[in-house]
Amino acid sequence: MAESKHLVVCGGGILGLYCAHYLARDGHRVTLIERHGPEHTTCAEGSAGYISPSHVVPLAAPGMVWMGLKWMFNPRSPFYLKPRLDLDFIRWGVRFARSCNAAHVARSAPVLRDLCLASRELFVEFSAEDAGGFELERAGLLMLCQTEEALGHEAELVRLANELGVEAKVLDPRQTAEVDGSGVQMRVAGSVFFPIDAHLTPTLLMPRLRARVAEAGVDVKWNTELRGWRTFGGRVAAVQTSAGEIAADGFVLAGGSWSGELVKSLGLTLPMQAGKGYSLMLPAPRRSPRIPAIFVEKRIAVTPMGRTLRFGGTMELSGINDTIRPERVRQIVESVPEYYPEFGPDDFAGVQPWFGLRPVSPDGMPYIGPFAKFPNLYAACGHAMLGVTLAPITGRLVAELVGGRRPSVALDLLHPDRFA
Ligand SMILES: Cc1cc2nc3c(=O)[nH]c(=O)nc-3n(C[C@H](O)[C@H](O)[C@H](O)COP(=O)(O)OP(=O)(O)OC[C@H]3O[C@@H](n4cnc5c(N)ncnc54)[C@H](O)[C@@H]3O)c2cc1C
C-alpha cells in the first residue's frame, strides 16, 4: 500500500462522494466538505440514473452549434440558451464551437468508451458489496426515433459504437416493442438498442454512498463552505472554509458547476457552465416501459425506477440560478404522449418538477487530474450528462493519481489545464 495521506474533497455531490470512497479505500485519511446538509439533493438525485456506455459521442460534436442556434428560438425545443453579456460564458461558447468537429469526436469517443465501460464494472462491484442496494438494472437503453431522419442519424452512431466495440443495433417498431417487452404502446419509426447500458435509482444510491463513505471513516463536514485557499511553495496547503482552515496533503475539486469559480482565486482557468435539466417523477405510473428510453428528437430520457417512472431532459444554459421555466417543463410533459400514446398531461398532474445543474466543460469532456500549477490539487468535475455514469471511475482515477499509480484510463484529453 502507498503512503497514507490526508486529502480534502471539496463538494459532496456524486463525484466528491466517489472520490472520497476510493481514497478512503486506499487507506488515506479523507475529509469531505459540503456547504449544504446531507438532506440537500445534489444533481445526481434527480438524474435519469443512466450508466451509459452508449454515450461515446461528446456533447461537443459536429452539427451541435447549428442545432443549438435553431433550437434557441423555439420554446418547445430541448435546448435553451439565455443570451447574456458574461465574458466567461462568451469564451465558453467560442471554445464549445471550436470543439464541435469530427476530429474531436474521433479522439474523444475511445476515451469515453473506456471510462464508461470501466465505470459500469465498478457500479456492478459496488452494488455486489452493498447490502442496501440501489436497483442497479442491466437492461440496456432504447433510443426511440419518430422520424426516418433521426433513425438514419442514430444508425450512423451505431456504426461508430460498433467500431469501438460497443454493441448496438437498429430495431424496427415491432422489434422495439419485443425488446422492451412491457406492452407499453410506442409511436416510433424504429429505435437503436444498446444492450450494455444500465440504470439505477439515484435516490437510493446517494444515501447508500453517503453511508458507505461515513462507514469508511471519511470525516464529512456538512454545512461547510469552501471560501478560499492557502498556497505555499507551488502547492495548495489548506482550504479556508466557513468552519476554519483545513490543512492537508492533497485536495480534490468536485464542486460541480461551481468548480470554475472556486479555483479562480488560485489564478486557474477552468471553463464551466451550468446546464440545467429538469425531471418529473411519476410515483404510480399507469404503465411503465421495462427498458429506459431516450426520445431522440426531444432529447428526453425515460427511466423505470422500481415502481416509479422518471422523465428528464432539456439543456438550459442560463447561468447558475434556481429558476424553473414552466415552458421547458411543459416541453417534457407534452412530448411524452407523442412517443407513449397511452400517457397524457393528466399523468403529470400535481407532479413537482425537479431541476439540477450539470457541470459542462466546453468540449463535453470531464476534467480529471492534477493542475500543473498546483500538482496536489486534483480536478474531478465537468462531467455534464455523464456525471452519474463516470463517478466511480473518476473516483478510482483520482485515487490512482494520489497513490502515484499509473491511471487505468489515459487522461491526456481530460487535463484540467487544457483551456488555460
Ligand atoms: C435532468 C438530468 C438528468 C441526468 N441524467 C443523467 C444520467 O442519466 N446519467 C448520468 O451519468 N448523468 C446524468 N446527469 C448528470 C449528472 O447528474 C451530473 O453530471 C452529476 O450529478 C454532477 O455531479 P457533481 O458531483 O459533479 O456535481 P453536484 O451534484 O452539483 O455536486 C457539487 C457539490 O459541490 C458543492 N459545492 C459547490 N460549491 C461549494 C463550496 N464553495 N463549498 C462547499 N461545497 C460546494 C455543491 O453544494 C454540490 O453539492 C443528469 C443531470 C440532469 C440535470
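See the structure shown above.
The notes below deal with the structure included here.

### Observations concerning the overall build of the chain
- Tallying secondary structure elements over the chain gives ten helices and 20 strands in all.
- Radius of gyration (C-alpha) of the chain: 21 Å, near the 22 Å computed for a compact globule of 420 residues.
- Residues classed as buried in the chain amount to 58% of the 420 residues present.
- Taking all contacts inside the chain whose residues are at least 6 apart in sequence as the whole, residues at least 24 apart take part in 76%.
- Surface summary for the chain: the accessible area is close to 17100 Å², and the carbon and sulfur share equals 54%.
- Looking at the chain, you have 44 positive and 43 negative side-chain charges, and the mean spots of the two groups are 4 Å apart.

### Observations regarding the site of the ligand
- Residues in contact with the ligand amount to 35 residues; listed here are only the nearest, Glu34, Tyr50, Leu226, Ala384 and Thr389.
- Residue Val388 places a main-chain N or O atom 3.0 Å away from an oxygen atom belonging to the ligand.
- Those elements that provide at least two residues to the shell around the ligand are helix H1 (14–25), strand S14 (273–282), strand S18 (354–360) and helix H10 (387–402).
- Of the residues forming the shell around the ligand, the biggest block, four residues, is contributed by S18.
- Looking at side-chain class alone, the shell around the ligand contains 17 nonpolar, 14 polar and four charged residues.

### Concerning helix H6 (residues 173–180)
- Between a side-chain oxygen at the N-terminus of H6 and the backbone nitrogen of Arg174 the separation is 3.1 Å; the capping residue is Asp172.
- Positive phi shows up at Gly181, right after H6, with a value of about 70°.

### As for the sheet that holds strand S1 (residues 6–10)
- Spatial strand order, S9-S2-S1-S13-S20-S19: six strands in an open sheet with mixed pairing. The open sheet is flanked by strand S9 (219–221) and strand S19 (367–370), the only strands paired with a single partner. Shown here is a sheet whose adjacent strand axes are inclined to one another by a mean of 15°, direction ignored.
- Bridge count for S1 against strand S13 (residues 250–253) is four bridges, and the pairing is parallel. In the sheet register, Val9 faces S13, and the bridge partner there is Val252.
- The strands touched by H10 within the sheet are S1, S13, S19 and strand S20 (377–381), with S20 carrying the most contacts at an inclination of about 170°.

### Notes on the layout of surface pockets
- What the second largest pocket holds in volume is close to 370 Å³.
- If you trace the second largest pocket, you find 19 residues lining it, with Asp88, Glu261, Lys264, Met272 and Gln273 closest to the centre.
- If you list the elements that add at least two residues to the lining of the second largest pocket, you get helix H3 (87–99), helix H8 (259–262) and S14.
- A per-class count over the lining of the second largest pocket returns seven nonpolar, five polar and seven charged.

### Here's the deal with the packing of aromatic side chains
- Taken as a whole, this structure holds eleven aromatic pairs when the rule is applied.
- Counting every residue linked through ring pairs, the aromatic cluster contains Phe295, Phe311, Tyr339, Tyr340, Phe343 and Phe348.
- Of note, Arg84 hangs over the ring of Phe89, and the distance from its end group to the ring centre comes to 3.8 Å.
- A cation sits over an aromatic face here: Lys276 above Phe355, 5.4 Å from the ring centre.

Reading the values: rules and limits
Residues numbered from 1 in each chain as written. Predicted model: local features only at pLDDT ≥ 70, side-chain atom pairs only at ≥ 80, totals over all residues. Heavy atoms only, no water. Helix = DSSP H or I, 4+ residues; strand = E, 2+ residues; numbered from the N terminus. Rg over C-alpha atoms; globule rule 2.2 N^0.38 Å. Buried < 20%, exposed > 50% of the residue type's maximum accessible area, 1.4 Å probe, protein only. Contact = heavy atoms within 4.5 Å. Areas by Shrake-Rupley, 256 points an atom, 1.4 Å probe, with all protein chains shown as cover. Lys, Arg positive; Asp, Glu negative; His and termini not counted. Charge placed at Lys NZ, Arg CZ, Asp CG, Glu CD. Near = heavy atom within 4 Å. Polar contact = N/O pair within 3.5 Å; in protein donor to acceptor, adjacent residues only side chain to side chain. Nonpolar A, V, L, I, M, F, W, Y, C, P; charged D, E, K, R; others polar. Pairing = 2+ DSSP bridges. Axes fitted to C-alpha atoms, helices over the stretch in contact; angles between N-to-C directions. 1 Å grid on protein atoms, 1.4 Å probe; cavity = no way out; pocket = protein on both sides within 12 Å on 5 of 7 lines; lining within 4 Å. Points joined across faces, edges and corners; volume = space filled by probe spheres on them. Phe/Tyr/Trp six-rings, centres within 6.5 Å; stacked < 30°, edge-to-face > 60°. Lys NZ or Arg CZ within 6 Å of the ring centre and 35° of its normal.

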